[in-house]
Each structure stands twice: as C-alpha cells, then as structure tokens.
Amino acid sequence: MKQLKLRAVIMIILSVAFVCGLAVFLIFYAVEGSNWALFPSNSHIYSNGTIVQAGKITDRNGKVLAETKNKKRKYNSDEQVRKATLHAVGDVKGYIKTGLQSSYIGELTGYNRLNGIYSYSKKGNNIGTTLDSSVCVTAMNALGNRKGTVGVYNYKTGEVICMVSTPTYDPENEEEYSLAKQGEGEYKGVFLNRFLSSTYTPGSTFKLVTTAASIDTFDDAYTREYTCNGGVMIDGEWISCLGHHGTLTLKDALAKSCNAYFSQLAADLGEDTLTEYAEKAGFNDTFKMDGVKAKTSYFNVSGGKDIDVAWAGMGQYTDMMNPLQYLTFIGAIANEGVPQKPYMVDSVKTQSGIPLKFSFGGKGSRMLETETANEIKELMRNNVKQTYGTWNFPGLNVCAKSGTAEVKDEKPHAVFVGFNDDEDLPLAFVVVVQNGGSGAQVGGPVANKVLQKCKEVLK
Ligand SMILES: [Zn+2]
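Predicted, not measured: the structure shown is a model, and the values here were computed from it. (Residues numbered from 1 in each chain as written. Predicted model: local features only at pLDDT ≥ 70, side-chain atom pairs only at ≥ 80, totals over all residues. Heavy atoms only, no water.)

### Some details on the overall build of the chain
Along the chain, the regular secondary structure elements total 15 helices and 19 strands. In terms of overall dimensions, the chain has C-alpha extents of about 90 × 70 × 40 Å along its principal axes. With 459 residues in all, the chain has 55% of them scored as buried. Taking the contacts inside the chain whose residues are at least 6 apart along the sequence as the reference set, 65% of them involve residues at least 24 apart. Within the chain, the 47 negative side-chain charges are centred at a point lying 11 Å from the centre of the 48 positive side-chain charges. (Helix = DSSP H or I, 4+ residues; strand = E, 2+ residues; numbered from the N terminus. Buried < 20%, exposed > 50% of the residue type's maximum accessible area, 1.4 Å probe, protein only. Contact = heavy atoms within 4.5 Å. Lys, Arg positive; Asp, Glu negative; His and termini not counted. Charge placed at Lys NZ, Arg CZ, Asp CG, Glu CD.)

Below, the structure written as structure tokens:
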C-alpha cells in the first residue's frame with residue numbers, strides 16, 4: 001500500500017514536470033518561434049543574409065514597392081519611389097527596424113505561427129499599404145537634402161498617405177548602400193525612420209496644448225490679457241519674443257506666437273494643469289502604428305519653477321514630441337477631439353487573395369473636449385489668415401501652427417503642423433525640417449507642396 005502511494009506521488013510529480021516543460025516550450029515557441037524560423041541562416045527565405053522569398057508590398061494604387069522576382073528582392077523601377085518609400089518598406093537586411101520587411105517579415109514570408117511552416121506557395125503573402133508613392137516622392141523632394149520627416153494622414157479614416165524620412169538612399173544602388181552603412185555625413189542616421197523613431201523639440205507648436213489647457217481652465221480664456229514688451233521677465237529671467245506685441249489676448253497671441261503671452265499663461269496654468277493637458281495630447285505615452293512602437297514623447301516639469309513651466313508651455317525646456325504622436329494629436333483637433341489612429345498596413349493577403357489581417361485603424365482615446373477642439377481649429381485657421389497667408393496654400397482650407405524649435409548650438413528645427421479642414425480632403429500633417437530655421441517659412445512650403453499633390457492624386 002505504502003509503495004503504491006509512493007509510485008502515485010512520483011507519477012504525479014513527473015506529470016506536473018512534463019506539463020510545465022511543455023508549457024514553457026509552447027510559450028517560447030509562440031514568442032520566439034518566428035525568430036527561430038526567420039534566423040538568417042534559413043536558406044528558404046534568406047540568401048547571403050538577404051531576404052529573397054516574400055510577398056509583394058504595394059501602395060494604395062496597387063503600385064509595387066517591393067517584390068521577389070527570380071529569387072531576388074526587387075524594388076520599384078523608379079529610383080525616386082524607391083528612395084521615398086524606403087523607410088516604410090524597409091531594406092532587405094533588416095537595418096530599418098520599423099520597415100515592413102522587418103516588422104512584417106512573418107506575414108510577408110508566410111510563416112505560420114501555429115504550424116511553424118511556410119505557406120505552400122512559397123511566395124509569402126502580399127501587403128497592401130495606404131501610402132501614395134507619388135505623394136511620398138513629392139514630400140521627399142520638398143525636404144531636399146535636409147534631414148527631417150513628413151507625415152500625412154486622413155484624419156477621418158486613419159489612412160497614412162505619406163510617411164517620408166530623410167536622409168534616405170536607393171536600396172538598389174550598391175555604392176549608395178555601402179555609404180549608408182558607414183552612416184557618415186549626409187547618411188548619418190539613414191536607417192532611422194524619423195517619423196516613428198525620433199523625437200523633436202516641439203517649439204511653438206506646443207502652444208496648441210497650452211491653448212487647450214487655457215480654454216478649459218480659465219473662464220476668461222479669450223479675454224485674458226498679458227503684455228509683451230519684446231519679451232517678459234519671469235523668476236528674474238528674461239524670455240525674449242520675436243516681436244514687441246504690447247497687450248494681447250489668446251487669438252492674437254497664438255497667431256503671433258507671442259512668447260511673452262504664452263510664458264505668463266503657462267506659469268499661471270501651473271505644472272499640474274499643463275502636465276495633464278500634455279498627457280491628454282499623448283506625451284509620456286507610447287504610440288504604435290500597425291503594431292510597431294514609436295519613440296515615446298516626453299513632458300516633465302515636476303518640481304519646476306515658474307520659469308521652467310513657462311518654457312515648457314512654449315514647447316522648449318525638456319519637451320520632446322514624436323511625429324506619430326503629434327500627428328495623432330493634430331488629427332484629434334481636426335476630428336472633434338477624438339483621433340483616428342494612423343495606420344499604413346491596409347491588408348495582408350495570401351497569393352490567392354484571402355485576407356489574413358485587418359488594419360490596425362480605429363478610434364483612439366479622446367484627447368480634447370469636442371468644443372475645445374473646434375475652438376482650437378478656429379484659432380489655427382486664424383493663424384493662416386492672419387500670419388502664414390492663405391495665398392501660400394491656394395485652394396486649401398489649412399489650419400496650422402508653426403514652431404521654430406531651439407536646439408543647443410545648432411540652427412533651430414522648423415516644425416509645421418496642421419490640417420486641411422475639408423470633408424473631401426481631410427488630411428492632417430506634420431512637417432519637421434531638422435536645423436531648417438523658421439517653422440512657417442521653411443515648413444509651410446513643404447506642407448503646401450505635399451497637400452497640393454494630395455489634392456491632385458486623391459479622389
Ligand atoms: Zn510677444
């Protein structure tokens with residue numbers, strides 16, 4: 001009897017150990033399985049460490065951005081298209097981590113997580129994107145030889161029409177590729193998709209967040225006055241302004257981007273309120289596009305003095321925005337406070353056209369009250385009428401805010417954000433030109449060129 005009992009106990013221990021081991025294996029398999037099979041020594045899909053066997057990646061018009069032909073990965077036949085869509089598509093070695101050829105490698109090669117084998121056709125699955133390659137080319141050329149990024153999306157549907165990052169290179173040009181790998185000079189940071197993986201000082205574009213906080217906090221937000229004497233003294237430190245604006249109210253202060261007005265306003269709002277509104281706008285939160293994580297925006301004035309809160313309320317201090325997060329926030333202003341989440345992967349289909357995955361779009365969480373969003377929209381429209389010039393955006397109904405973001409020891413970044421307030425062409429945009437100078441003078445024309453192209457090609 002005693003022996004039987006002992007045997008039973010041993011059996012139970014062995015069974016438990018077996019089940020635990022199996023569970024551990026299954027967890028590892030689920031998490032790491034695709035990595036095992038996709039390890040570059042797997043000759044089915046990689047040749048000399050280069051991805052060869054994978055499906056097509058197309059733009060919104062079915063134009064092929066990358067495909068496998070004769071066991072070789074080929075990009076679009078047009079060099080401009082190759083360069084403009086490189087960061088979205090990705091390189092063949094996986095240096096561009098957020099590119100589809102890295103982040104969607106399982107879907108592209110047809111690796112099945114459940115059975116651990118590849119699709120029978122051995123051609124992988126096709127990915128259809130929402131990008132318009134001709135708009136991407138326009139954006140790339142508008143940035144020219146300057147580093148930066150342009151993101152444009154439909155704020156009603158979430159479709160990303162344009163996502164460009166510069167510098168870029170031609171993935172089919174061996175010479176350029178080896179320069180890119182060295183990453184020196186003009187190729188510095190070439191594998192980084194600045195739209196997803198960078199953060200920038202927002203500069204005066206952050207005054208939109210401070211404006212939202214003011215509208216919700218102060219009953220007299222619109223009549224509240226502050227005086228600009230070419231700047232203002234706070235905590236014994238002089239904050240200078242580009243103009244000598246005298247006494248003004250919110251509407252004029254935003255259109256003139258008066259530093260004296262916004263620094264006093266921010267100090268009066270205080271650290272808690274400003275932090276609350278920054279976080280509602282997506283700061284300190286990690287955004288994702290198509291499941292791919294972006295770099296987290298940053299806002300922190302805790303324990304700061306009035307002067308720190310003043311600088312933070314003008315998008316300086318330690319503020320850092322991520323272009324995807326900021327585009328989403330602008331989308332929220334355009335869309336009555338609730339943003340549509342930007343997405344680029346429209347479909348993943350087998351070779352025979354069976355859909356495997358649906359897009360990651362959908363509504364994001366509310367960033368602004370409906371009324372607040374609509375009021376900021378009016379103020380942003382007034383910025384264009386009063387300061388940037390409606391003639392600089394012919395045929396469009398642009399609402400915008402510029403930022404000339406001061407960075408240490410270098411020319412400021414030009415930042416220009418906004419949207420076209422039009423049911424037929426509902427597009428929001430973020431433009432960053434690194435060390436470009438004036439936000440409105442440098443970023444404005446880039447935004448206009450890209451929106452004009454959108455107007456021409458999107459129906
Ligand atoms: Zn001023």
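Once you've had a look at it, read on.
### Considering helix α6 (residues 133-143)
Note that an α-helix has 3.6 residues per turn; residues three or four places apart therefore point the same way. Burial within α6 is extensive, with nine of its eleven residues counted as buried. When α6 is considered as a whole, its buried residues turn out to be S133, V135, C136, V137, T138, A139, M140, A142 and L143. Looking at the buried residues of α6, the elements they touch are β4 (64-69), α2 (79-84), β7 (148-154), β8 (160-166), β19 (427-433) and α15 (439-457). Phi for G144, located one or two positions after α6, is positive at around 60 degrees.

### So, the pattern of salt bridges
Evaluated as defined, the whole model comprises 13 salt bridges. In this structure, E79 and K83 form a salt bridge, with 3.8 Å as the shortest nitrogen-oxygen distance. Of this pair, E79 and K83 both sit in helix α2, separated by four residues, roughly a single helical turn. Overall, E79 belongs to the partly exposed group, its relative accessible area being 37%. A relative accessible area of 19% places K83 in the buried class. Via salt bridges that share partners, E79, K83 and E176 belong to a single interconnected network. (Salt bridge = Lys/Arg side-chain N within 4 Å of Asp/Glu carboxyl O.)

### Some details on the sheet that holds β8
Judged by pairing direction, the sheet is antiparallel, and its five strands sit side by side in the order β8-β7-β19-β18-β17 without closing on themselves. Pairing within the sheet leaves two strands with one partner each, and these edge strands are β8 and β17 (398-407). Pairs of neighbouring strands in the sheet enclose a mean axial angle of 5 degrees, with direction left out of account. Strand contacts of α6: β7, β8 and β19, with the helix running at about 35 degrees to β8, the strand carrying the most contacts. Helix α14 (residues 370-388) rests against β17 and β18 (410-420) of the sheet, and its axis sits at about 75 degrees to β17. (Pairing = 2+ DSSP bridges. Axes fitted to C-alpha atoms, helices over the stretch in contact; angles between N-to-C directions.)

### Here's the deal with empty space enclosed by the protein
In this approach, a probe sized like a water molecule rolls over the atoms, and the result shows the empty space that is left. Counted by the stated rule, this structure contains one cavity of 30 Å³ or more. Computed from the structure, the largest cavity encloses a volume of approximately 50 Å³. In terms of lining, the largest cavity is formed by H87, T98, L100, S103, Y104, M163, N193, L196, M289, D290, V292 and M344. In terms of residue class, the lining of the largest cavity is built from seven nonpolar, four polar and one charged. (1 Å grid on protein atoms, 1.4 Å probe; cavity = no way out; pocket = protein on both sides within 12 Å on 5 of 7 lines; lining within 4 Å. Points joined across faces, edges and corners; volume = space filled by probe spheres on them. Nonpolar A, V, L, I, M, F, W, Y, C, P; charged D, E, K, R; others polar.)

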